[in-house]
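Chain by chain, the residues run as shown.
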Amino acid sequence: MDYVIYIGNLIAIYATLAISLNLLVGYTGLISIAQAGVYGIGAYVTALLALNVTHDLLITVVLSAAAGVLVSLVVALPALRLRNEYFLIATLGFQSIIFSVFMNLDITGGPNGLYGIPHAQLLGMTFKSSLAKFLLALALAAICYVLARRVTRSPFGRLLRAVREDQTAVSSLGKSVFLIKFTIFVFSAIFAAAAGTLYAYSITAIDPIAFNLDESIFIITLVIVGGTGSLNGSVLAAALLILLPEAIKFLPIPGLIAPQLRQIMYGLLLVFFTRFRRQGLIGEYQDVLR
Amino acid sequence: MSAFAQFFFNGVVAGSVYALVALGFALIFTASRVFHFAHGGVYAVSAFAGYTAMVVLGMGLLAGFVAATVVGALLGLAINAVLYEPMKAGGVSPFVAMISSFGVLIILSNLVAIIWGSNPTVLSPGGQATIYRLGPVFTTGAQLRIIGFAVVLAVLLWIFFRYTRLGIAIRAMGNDAELAEVVGMPSRRLRDISFVVGSALVGVSAMLIGLTVGIIDFNMGFDIMLMATVAMIIGGLGNVGAAAAGGFVLGVIQNVAIWKIESKWQLAISFAILILVLLFRPSGLFGERGSAIGQ
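Residues numbered from 1 in each chain as written. Chains lettered and ligands numbered in written order. Predicted model: local features only at pLDDT ≥ 70, side-chain atom pairs only at ≥ 80, totals over all residues.

**With respect to the overall build of chain A**
- Each helix and strand in chain A was counted, giving eleven helices and four strands.
- For chain A, whose C-alpha radius of gyration is 18 Å, the value lies close to the compact-globule estimate of 19 Å for 290 residues.
- Across its three principal directions, the C-alpha atoms of chain A cover 55 × 45 × 35 Å.
- Here chain A, with 290 residues, has 54% of them falling under the buried criterion.
- For chain A, the share of sequence-separated contacts (at least 6 apart) that also reach a separation of at least 24 residues comes to 80%. (Helix = DSSP H or I, 4+ residues; strand = E, 2+ residues; numbered from the N terminus. Rg over C-alpha atoms; globule rule 2.2 N^0.38 Å. Buried ≥ 20, exposed ≤ 12 C-beta atoms within 10 Å, placed from the backbone. Contact = placed C-beta atoms within 7 Å.)

If you want it as structure tokens, here you go:
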């Protein structure tokens, strides 16, 4: 039973990550592959605070989100000047630098990472059981979903789509494209970092591998499979892509090649959807990826 | 001073490795405008095909190179035919093909792990290499060979693109595929040729690099692709010679940097250079000004 709840926890965390990235990819047309890096910043800041200062949930979430935003701005400032391929490659660069920092610093524990992270506390409650952790992750995913829905349906959301469709037109109306992109970057980073906080608390041990390039590609796969510009799609894709490998565990496949098979499956999905169904499972437009 | 010379020389060796992979990558980019990350997957598969012919079947060094080259060429051609061409025909931009390409890289790397195992595999038992002394630096025959190949191939490709009809046609098509077709160029065939040549090159490179390092593994395509990307961007896009030069510059900076900075920061330094170049000199160090970057 604990295992089932743990899977639910993972789905909630990845749904949050996919929604946060979809705001960039699907709504604003910014294909970033540094999301795992921002997620990792949240997880590492939380782990360091919890191990050394406090494991109060509210304080750690706020500080982790602040750190995530800060790092994200370092990424955003230069990267936002670039378009498409070059934006993607710049974020790829930042992803690798962030990973390298996790891997090499002493305070992040190097390749071993950090472990023995205490359970989160809030108003005297301790989130110790897997059920409590799951409910926490579910709450974050729900908040993220509701806020993202409100933002994307607001006038600002229309502006985001306008940036995606035609930047020049948006600037010619006197709107700052840079400021629009910047704002959505901050929003996205807050939730990616908060997902990192909950990940650190639920696993209680983190290492750099959980936040590497593969992970960033996985999050973008979630967005594309679910459908760029579809929040429901991101949630659906997170559920499907986490559950699928679990289902495969019941097939008679040697355990040694299971991780490779999972990767191949994700790779195939990415290729299939970019080739045959660019709107994803339930995407808004076919031509977000064009 | 001699320490610096040694670091610099090591940089040239590393740079040759990056240049060899960046050459095929840039050739394919020039023709198709796709950032063909799956090139790294082709690199890994070719290395293991060469290993199978040379070590497993014991057919010798030449057979190893032939197997790696043929498998690389066919695989590159297949990826273009099955994935990129249909996407292009459907009006999908090279940018989406680039994202697809990540998927292919993941698929190929993990297929290698399933077929040949996920542990590092010995391609050539090193250890007995003779060490030569060139002025202040020490080197091995394998290192000199790899530098030689990288320089010769880079020069040959540069001449090819500059002076031959085929090379100029491929460049023209990369600039404007529609226009090239209007004036009667067989653009599909030109792209196929570029994929075959670029991928055959990466097959040769995979064997050369594998023999120098001694060990190959299923993940080898990922890191080398990242470095080839950095090399191509800092060299200058759409220009094969510039990409190779970018590879050498990257190798030298990486290795001279570890003279003063701990080597574990090598990767971070490379990407910091990438970002600086993207920001301040998007046409690359050796590329023509006014390339397609930026807005």
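That was the structure; now back to the text.
**Some words on the overall build of chain B**
- Looking only at helices and strands, one finds eleven helices and four strands in chain B.
- Expected size for 295 residues packed as a compact globule is a radius of gyration near 19 Å; at 19 Å, chain B falls within 12% of this value.
- In terms of its C-alpha atoms, chain B occupies a principal-axis envelope of roughly 55 × 45 × 35 Å.
- Burial status across chain B gives 55% buried among its 295 residues.
- Taking contacts inside chain B between residues at least 6 apart in sequence as the whole, the part at least 24 apart equals 77%.

**Details of helix H4 (residues 94-116) of chain B**
Residue and element names in this part refer to chain B.
- With 23 residues, H4 extends 32 Å between its outermost C-alpha atoms, agreeing within 8% with the 33 Å of an ideal straight helix rising 1.5 Å per residue.
- Counting buried positions along H4 yields 19 of 23 residues, so the element is predominantly enclosed.
- Directly beyond the C-terminal end of H4, a positive phi value near 90° is found at glycine 117. (Expected span 1.5 Å × (residues − 1).)

**Focus: the interface of chain A and chain B**
- The interface of chain A with chain B comprises 32 residues on the first partner and 36 residues on the second.
- Of all the secondary structure elements, the ones that give two or more residues to the side of chain A that touches chain B are helix H4 (84-104) and helix H11 (258-276) of chain A.
- Sorting elements by how many residues they give to the side of chain A that touches chain B places H4(A) first, with eleven residues.
- Its residues assigned to classes, the side of chain A that touches chain B shows 16 nonpolar, ten polar and six charged. (Nonpolar A, V, L, I, M, F, W, Y, C, P; charged D, E, K, R; others polar.)

**Some words on the pairing of strand E3 (residues 137-140) of chain B**
All names here are of chain B.
- As paired elements, strand E2 (residues 131-134) and E3 share four bridges and run antiparallel to each other. Among the inter-strand pairings, arginine 133 is bridged to a residue of E3, identified as phenylalanine 138.
- Where E2 folds back onto E3 in an antiparallel hairpin, the turn is made up of two residues, including glycine 135, whose phi is positive at roughly 60°. (Pairing = 2+ DSSP bridges.)

**A short note on unusual backbone geometry**
- Residue Thr204(A) is not a glycine yet carries a positive backbone phi of 60°.
- Assessed through the 15 C-beta atoms surrounding it within 10 Å, Thr204(A) is described here as partly exposed.
- A positive phi angle, near 65°, is found at Arg33(B), a position not held by glycine.

**Here's the deal with the packing of helix H2 (residues 35-52) of chain A against H4(A)**
All names here are of chain A.
- Between H2 and H4, the shortest axis-to-axis distance is 9 Å and the interhelical angle comes to 25°. It follows that H2 is roughly parallel to H4 by the angle criterion. Like other packed secondary-structure pairs, H2 and H4 cross with a definite hand, here left-handed. The segment H2 lies against H4, with Ala36, Gly37, Gly40, Ile41 and Tyr44 engaging Phe94, Gln95, Ile98, Phe99 and Phe102. (Axes fitted to C-alpha atoms, helices over the stretch in contact; angles between N-to-C directions. Parallel < 35°, antiparallel > 145°, perpendicular 65-115°, else oblique. Left-handed = near helix turned anticlockwise from the far one by under 90°.)

**Section: the environment of Ile106(B)**
- Its place among the elements puts Ile106(B) in helix H4.
- Between the C-alpha atoms of Ile106(B) and Gly221(B), which are 115 residues apart in sequence, the distance is 9.4 Å.
- In contact with Ile106(B), other than residues within four places in its own chain, are Ile217(A), Gln263(A), Tyr266(A) and Gly267(A).

**Some details on the nonpolar core**
- Grouped together as the largest cluster of nonpolar side chains are 207 residues, with contacts concentrated most on Ala18(A), Ala22(B), Leu23(B) and Ala231(B).
- A total of 17 residues in this core trace back to one element, the largest contributor, which is helix H1 (residues 2-32) of chain B.
- With residues near it in sequence (within four places) discarded, Ala231(B) still touches Tyr18(B), Ala19(B), Ala22(B), Ala243(B), Gly246(B), Gly247(B) and Leu250(B). (Core = buried A, V, L, I, M, F, W, Y, C linked by C-beta atoms within 7 Å.)

**Here's the deal with the environment of Val146(A)**
- Structurally, the position occupied by Val146(A) is in helix H5 (residues 130-153).
- Owing to 11 C-beta atoms within 10 Å, Val146(A) belongs among the exposed residues under this scheme.

**Some thoughts on the confidence of the model for chain B**
Residue and element names in this part refer to chain B.
- Looking at chain B, pLDDT values average 88 and 95% of them are 70 or higher.
- By mean pLDDT, helix H7 (residues 177-182) is the weakest element of chain B at 79, and helix H2 (residues 39-56) is the strongest at 95.
- Across residues 291-295, where pLDDT falls below 50, the model places 13 contacts with residues more than four positions away in sequence or in other chains.
- Model confidence for the complex: the whole-complex pTM is 0.91, and ipTM, which rates the interface, is 0.89. (pLDDT = per-residue confidence, 0-100.)

**Overview of the environment of Gly113(A)**
Residues and elements named next belong to chain A.
- Position of glycine 113 among the secondary structure elements: in the loop between H4 and strand E1 (114-115).
- Residue classification places glycine 113 among the partly exposed positions, given that 19 C-beta atoms sit within 10 Å.
- The spatial distance from the C-alpha of glycine 113 to the C-alpha of methionine 103 is 7.8 Å, given a sequence separation of ten residues.
- Ignoring sequence-local partners within four residues, the contact set of glycine 113 consists of Ala205, Ile206, Asp207 and Pro208.

**Some points on the packing of H2(B) against helix H8 (residues 187-213) of chain B**
Residue and element names in this part refer to chain B.
- Where H2 contacts H8, the two axes come as close as 8 Å, and the packing angle between them is 60°. On the basis of their axis angle, the class for H2 and H8 is oblique. The two elements H2 and H8 meet at a crossing, and its hand is right-handed. In contact with His39, Val42, Tyr43, Ser46, Ala47 and Gly50 of H2, H8 contributes Ser199, Val202, Gly203, Ala206, Met207 and Gly210.
- Classifying every residue of the contact of H2 with H8 gives six nonpolar, six polar and no charged.

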